[in-house]
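Next come the chains, spelled out residue by residue.
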Amino acid sequence: MKLGVSLKASFESVQLELKDGRMSGLKLGNPTGNISLKCASQEVAAFKRDLKINQAYTFATPVPMAVAAPAAEATLAEAGSVVPLKRRAI
């Protein structure tokens, strides 16, 4: 017999903390979750709950942010969806 429990969480907002081009932490807005319990592929019950979790996290090792390739920036700018920023040395 298979018993399945799934949890899907949604957050009102997410604030990323960036330092030196790397993501160093994040803060989460109000979380809510949907929980469903299934047995033999049949839903037994479903719940919507407010979740009590830590809403601020700092990463032990900052995560590098992906950088768009120059060709991708040019294609997006030509399509009018992105205005490229001027690159400058800091």
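Residues numbered from 1 in each chain as written. Predicted model: local features only at pLDDT ≥ 70, side-chain atom pairs only at ≥ 80, totals over all residues. Heavy atoms only, no water.

A.B. asks: Describe the sheet that holds strand β5 (residues 42-50), and please don't skip the residues or the numbers.
C.D. replies: Hydrogen bonding along the main chain pairs the strands of a sheet, whether they run parallel or antiparallel. Judged by pairing direction, the sheet is antiparallel, and its three strands sit side by side in the order β1-β4-β5 without closing on themselves. The open sheet terminates on both sides in strands that have one partner only, identified here as β1 (3-11) and β5. The mean inter-strand angle of the sheet, taken between neighbouring strand axes irrespective of direction, is 15°. (Pairing = 2+ DSSP bridges. Helix = DSSP H or I, 4+ residues; strand = E, 2+ residues; numbered from the N terminus. Axes fitted to C-alpha atoms, helices over the stretch in contact; angles between N-to-C directions.)

A.B. asks: Please set out the sheet that holds strand β2 (residues 14-19) residue by residue, giving values where relevant.
C.D. replies: Spatially, three strands are ordered β2-β3-β6 in an open sheet, and the strand pairing comes out antiparallel. The sheet terminates laterally at β2 and β6 (56-64), the two strands that pair on one side only. Neighbour-to-neighbour, the strand axes of the sheet open up by a mean angle of 25°, direction not taken into account. The pairing of β2 with strand β3 (residues 22-28) spans six bridges and is antiparallel.

A.B. asks: An account of the pattern of salt bridges is requested, with residue identities and associated values reported.
C.D. replies: By the definition in use, this model includes one salt bridge. The partner of Lys 27 in a salt bridge is Glu 17, with the nearest N and O atoms 3.8 Å apart. A residue pair is termed long-range when its members are at least 10 positions apart, and Lys 27 in strand β3 and Glu 17 in strand β2 qualify at ten residues. Given a relative accessible area of 38%, Lys 27 falls into the partly exposed group. With relative accessibility at 28%, the residue Glu 17 sits in the partly exposed group. (Salt bridge = Lys/Arg side-chain N within 4 Å of Asp/Glu carboxyl O. Buried < 20%, exposed > 50% of the residue type's maximum accessible area, 1.4 Å probe, protein only.)

A.B. asks: Explain a nonpolar patch on the surface to me, using residue names and the numbers behind them.
C.D. replies: On the surface, Phe 11, Val 14, Leu 16, Leu 18, Ile 53, Tyr 57 and Met 65 cluster together to form a nonpolar patch covering roughly 600 Å² of accessible area. Of all the elements, β2 adds the most residues to the nonpolar patch, at three residues. Its location among the elements puts Ile 53 in the loop between β5 and β6. (Patch = residues over 30% accessible without salt bridge, like charges linked within 9 Å, V, L, I, M, F, W, Y side chains within 5 Å. Areas by Shrake-Rupley, 256 points an atom, 1.4 Å probe, with all protein chains shown as cover.)

A.B. asks: Please give an account of the side chain of Ser 36 that cites residues and values.
C.D. replies: The residue Ser 36 is located in strand β4 (residues 31-39) in this model. Separated by 2.9 Å, the side chains of Ser 36 and Ser 6 make a polar contact. (Polar contact = N/O pair within 3.5 Å; in protein donor to acceptor, adjacent residues only side chain to side chain.)

A.B. asks: How would you explain the pairing of β4 if you had to name every residue and give the values?
C.D. replies: Of the pairings in the sheet, the one linking β1 to β4 comprises nine bridges and is antiparallel in character. The residue bridging Ala 9 from the neighbouring strand is Gly 33, located in β4. Where β4 meets β5, eight bridges bridge the pair, whose relative direction is antiparallel. Bridged to Gly 33 within β5 is Arg 49. Hairpin connection of β4 to β5: two residues between the antiparallel strands, including Ala 40 at a positive phi of 55°.

A.B. asks: Which residues make up unusual backbone geometry, and what are the values?
C.D. replies: Phi at Asp 20 takes a positive value of approximately 55°, unusual for a residue other than glycine. Within the fold, Asp 20 resides in the loop between β2 and β3. Of note, Ser 41 is a non-glycine position whose phi angle comes to about 65°, a positive value. By secondary structure assignment, the location of Ser 41 is in the loop between β4 and β5. On the basis of relative accessibility, which here comes to 76%, the residue Ser 41 falls in the exposed class.

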